[in-house]
Amino acid sequence: MKRIFYIFIFFIIVFIPLGMYAYSLNISSSLFNLERIYSKNTVLLIYSSILISIIFTLYIISIVRRLILKRKTSKIFKQEVEEHKKTAQFLQISQERFDLAMKGSNDGIWDRNLMNNSVFYSERWKNMLGFKDSEFPNDIKAFEDRIHPDDIDKVISRFHNHLDKKTDYYENIFRVKHKMGHYIWIHDRGKAIFSKENIAIRIVGTHTDITEKHIAEEELQQYQNQLEEKVKERTIELQEAKEKAEESDRLKSSFLANMSHEIRTPMNAIIGFSDLLTDPDINDHQKQEIIKHINKSSNTLVYLIDDIIDIAKIEAGQLKINKSECNINQILADVCNSFSESHNLKSKDSVQLKLMKGIQNDNFTIHTDPIRFQQILINLIGNGLKYTENGFVECGYMVKTENNNSHLEFYVKDTGIGIQKDKHEEIFNRFSKVEDDKTKLYRGTGLGLAITKNLVEMLDGKIWLESKENIGSIFYFSIPVVEFKGLHTPESEKDYSLKDWRNNTILIAEDEDSNYRVLQMALKRTNINILRAENGKQAVEICRSNKNINLVLMDIKMPELNGLEATREIKKVRPELPIIAQTAYAMQEDEEKTKNAGCVDYLSKPIKTKVLISTLNKYL
Ligand code: ADP
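Residues numbered from 1 in each chain as written. Predicted model: local features only at pLDDT ≥ 70, side-chain atom pairs only at ≥ 80, totals over all residues. Heavy atoms only, no water.

1. Quick word on the pattern of salt bridges
For the structure on display, the rule yields 26 salt bridges. Two residues, E409 and K400, come together in a salt bridge whose shortest N-O distance is 3.5 Å. Here E409 falls in the buried class, since its relative accessible area comes to 9%. Measuring nitrogen to oxygen at the nearest pair gives 2.9 Å for the salt bridge that ties R532 to D513. With R532 in strand β14 (residues 529–533) and D513 in helix α11 (residues 513–523), the pair connects residues that are 19 residues apart, well separated along the chain. Several salt bridges converge on common partners, so that one network encompasses E510, D555 and K605. (Salt bridge = Lys/Arg side-chain N within 4 Å of Asp/Glu carboxyl O. Buried < 20%, exposed > 50% of the residue type's maximum accessible area, 1.4 Å probe, protein only. Helix = DSSP H or I, 4+ residues; strand = E, 2+ residues; numbered from the N terminus.)

2. Digging into the site of the ligand
Lining the immediate surroundings of the ligand are 20 residues, of which N383, Y387, D414, E435 and L449 lie closest. Between the ligand and the protein, one listed contact pairs a nitrogen atom with a side-chain N or O atom of D414 at 2.9 Å. For the ligand, an oxygen atom lies 2.7 Å from a polar atom in the backbone of L449. At the level of elements, α9 (370–386), α10 (448–458) and β12 (472–480) are the ones that each hand at least two residues to the shell around the ligand. Considered class by class, the residues forming the shell around the ligand number eight nonpolar, eight polar and four charged. (Near = heavy atom within 4 Å. Polar contact = N/O pair within 3.5 Å; in protein donor to acceptor, adjacent residues only side chain to side chain. Nonpolar A, V, L, I, M, F, W, Y, C, P; charged D, E, K, R; others polar.)

3. Re the environment of I381
Topologically, I381 is positioned in helix α9. Along the chain, I381 and L353 lie 28 residues apart, while their C-alpha atoms are 8.8 Å from each other. Ignoring anything within four residues of it in the chain, the contact list for I381 reads V335, C336, F339, L353, V393, C395 and V412. (Contact = heavy atoms within 4.5 Å.)

4. Focus: the nonpolar core
One broad trend across soluble globular proteins is that nonpolar side chains are buried collectively. Residues I328, F373, L377, I381, F410 and F477 are the most contacted members of the largest nonpolar core, which totals 51 residues. Membership of the second largest hydrophobic core comes to 23 residues, among which are I147, L163, Y170 and I186. (Core = buried A, V, L, I, M, F, W, Y, C linked by side-chain atoms within 4.5 Å.)

5. Re unusual backbone geometry
At N198, a position not held by glycine, the phi torsion is positive, near 65°. Along the polypeptide, N198 turns up in the loop between β4 (183–194) and β5 (200–209). Positioned with a positive phi, F431 is a non-glycine residue whose angle comes to about 70°. Along the chain, F431 falls in the loop between β10 (405–414) and α10. Assessed through its relative accessible area of 8%, F431 is described here as buried.

6. Notes on the packing of aromatic side chains
For any two aromatic rings, the description comes down to two numbers: the centre-to-centre distance and the angle of the planes. If you walk through the whole model with that rule in mind, you get 17 aromatic pairs. Ring geometry for W110 versus F159: centroids 6.5 Å apart, planes at 50°, classification tilted. A residue pair is termed long-range when its members are at least 10 positions apart, and W110 in strand β1 (residues 108–113) and F159 in helix α5 (residues 152–163) qualify at 49 residues. Neither residue differs from the other here; W110 and F159 are each classed as buried. (Phe/Tyr/Trp six-rings, centres within 6.5 Å; stacked < 30°, edge-to-face > 60°.)

7. Quick word on the confidence of the model for the protein
Per-residue pLDDT for the protein averages 86, and the proportion of residues at 70 or more is 90%. Confidence over residues 27–32 falls short of pLDDT 50; this stretch has six contacts with residues more than four positions distant or in other chains. Below a pLDDT of 50 lies the segment residues 485–489, which in the model reaches five contacts outside its immediate sequence neighbourhood of four places, other chains included. (pLDDT = per-residue confidence, 0-100.)

8. A short note on the sheet that holds β4
Strand pairing in a sheet takes place through backbone hydrogen bonds and is either antiparallel or parallel in direction. Sheet architecture is open: five strands sit in the order β2-β1-β5-β4-β3, paired in antiparallel fashion. Looking at the sheet topology across the chains shown, the edges are occupied by β2 (118–121) and β3 (170–177). Neighbour-to-neighbour, the strand axes of the sheet open up by a mean angle of 25°, direction not taken into account. The pairing of β4 with β5 spans nine bridges and is antiparallel. Pairing of H187 across the sheet is with T208, part of β5. Contacts from α5 reach β1, β3, β4 and β5 within the one sheet, and its direction differs from that of β3 by about 155°. (Pairing = 2+ DSSP bridges. Axes fitted to C-alpha atoms, helices over the stretch in contact; angles between N-to-C directions.)

9. Describing the sheet that holds strand β16 (residues 579–583)
Here five strands make up an open sheet; going across it, the order is β14-β13-β15-β16-β17 and the pairing parallel. Two strands lie at the open edges of the sheet, namely β14 and β17 (601–604), each paired on one side alone. In this sheet, neighbouring strand axes are inclined to one another by 20° on average, regardless of whether the strands run parallel or antiparallel. Pairing geometry for strand β13 (residues 505–509) and strand β15 (residues 549–555), over five bridges, is parallel. Paired with I506 across the strands is L551, a residue of β15. Lying on the sheet, helix α12 (residues 536–545) is in contact with β13, β14 and β15; it crosses β14 at an angle near 135°. Strand contacts of helix α13 (residues 563–573): β15 and β16, with the helix running at about 160° to β15, the strand carrying the most contacts.

10. Considerations on the pairing of β12
Buried residues dominate β12, accounting for eight of its nine residues. The pairing of β10 with β12 spans eight bridges and is antiparallel. Bridge pairing links F410 to F477 in β12. With six bridges connecting them, strand β11 (residues 463–468) and β12 associate as antiparallel partners.

11. Remarks on the side chain of D307
Within the fold, D307 resides in helix α7 (residues 284–316). The side chain of D307 sits in the buried core without any salt bridge; R372 is the nearest counter-charge, 7.8 Å away. Those residues in contact with D307, other than ones at most four positions away along the chain, are Q375, L447 and I451. (Lys, Arg positive; Asp, Glu negative; His and termini not counted.)

This is the structure:
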């Protein structure tokens, strides 16, 4: 349309002046036949006015068109401005959103141009490493130099995997050196932009400082590992405990069967020989023989009961150690002598008992528990003699010094049946009996070595052994040498001699007839006057009324008033009167109780005549 209009205008502008010129040249043509109607000037005027009005019209039209165009343009412009504004606003909002998100997440940004290898690190990115914005160059090498040497290969390989489009995005956790010299843990994530030719041209990403999280995770992992380790250990422990419980069950059953045998054997001897004593036909020599057997069996029973009580106390953690002066050579000699005496009964002349003193000075004493030390020796020498048929049992000791600490190393060596190597630990377990001799039955409960080991350890020592089957065994134990600093009362000062006490009166407080009879007979040869109280109440009354009493032997467990209360009452009226406790409660703490009640001394049942006399000798 526009084209036709311009052509029309062109024709008007070109042909009208041409027509006018032709007319002025009197060219007659059908086209210019207007002279017939108008004069020459009038026509010119008309053409001119037409031309002017056309030009004017065109001018007006062009102005109008321009106005319309201007309006349109300004509208479009306005729209564009509007849109631009909106885009700018949108951009600003998303920029703000991005900034806020980055600040909120505390992440740093990196932007790397892969075409010219330039890089941009955000301020936060640099702050993470301890640098101000201006302190760290926007330089890839500067960053790569700070990556931990152990992590650099992993970082590079993952980065290139993504650039090679093997992964959808880049992600890595590694260590980067902080300005202060330590390493921080970074979680690095990024995404590359690729050209149409699939070449990575730019990669943008974030850095997150995960040091605290990583440390927490590591600690958590450690705890988890420890927990797993504990669970494993606990499972093993439980398994072991279960096996032990089963083993202990088995041992207990065999112990009970064994125990029955061990109790019945001496009981059988005691009852049988006691019956024989009533036979009027037996002579004095046979009587002595029978009494020895009764004595031996009674001792066996007492040892057995002591062992049972000891093991129960050990298991309850109630076995107490009472350290005092301990004359080593004296105790060794006593133990060996008592074995030699009873040894004859065994008619084992083929076995010799030898003693080798490590220190010749007989006054050599150390600070340890003499009763328990003696018990250890009795158990080991007793076993040596029990398990040896030919040869010897030798007991001795030597002084050893390590790192300025001295200890005595004792040994009990025998030439007996020996112990298999794989049983060397087992024999220290309670109830364990390992001998495999089918030809001979060895008596015993399997408690002796368990008690011995505990006692040695309670005396701060160690016990171990060397043994070969059918050759013999050496049991060793050590005891630290601690100097005795208490009052020195040598064994030699103990007085076992029988005296004539016809001018003395003793009160025996004892409810059991048999026990009273034993004491009465034991004291018979001293000619002492004996009074008897059958309970605590009587004892107090007799002491109150009879001023001649020189000493009281006080049983503790009695009816009406027990021995401790009776002692307290008597002490109120006769504070100077020596009262000696005699009781079947053979525990350490019982001795203390009697001393607290006012007793001067303590005799534990069964009371040996020798011990009774030496104790009374102290106070009469
Ligand atoms: P038992 O009362 O049975 O002797 P122990 O606890 O004293 O109990 O000893 C445990 C086991 O160790 C014994 O049953 C025996 O098998 C073995 N044993 C201990 N001492 C010796 C030794 N000197 N020679 C050979 N075997 C021994």
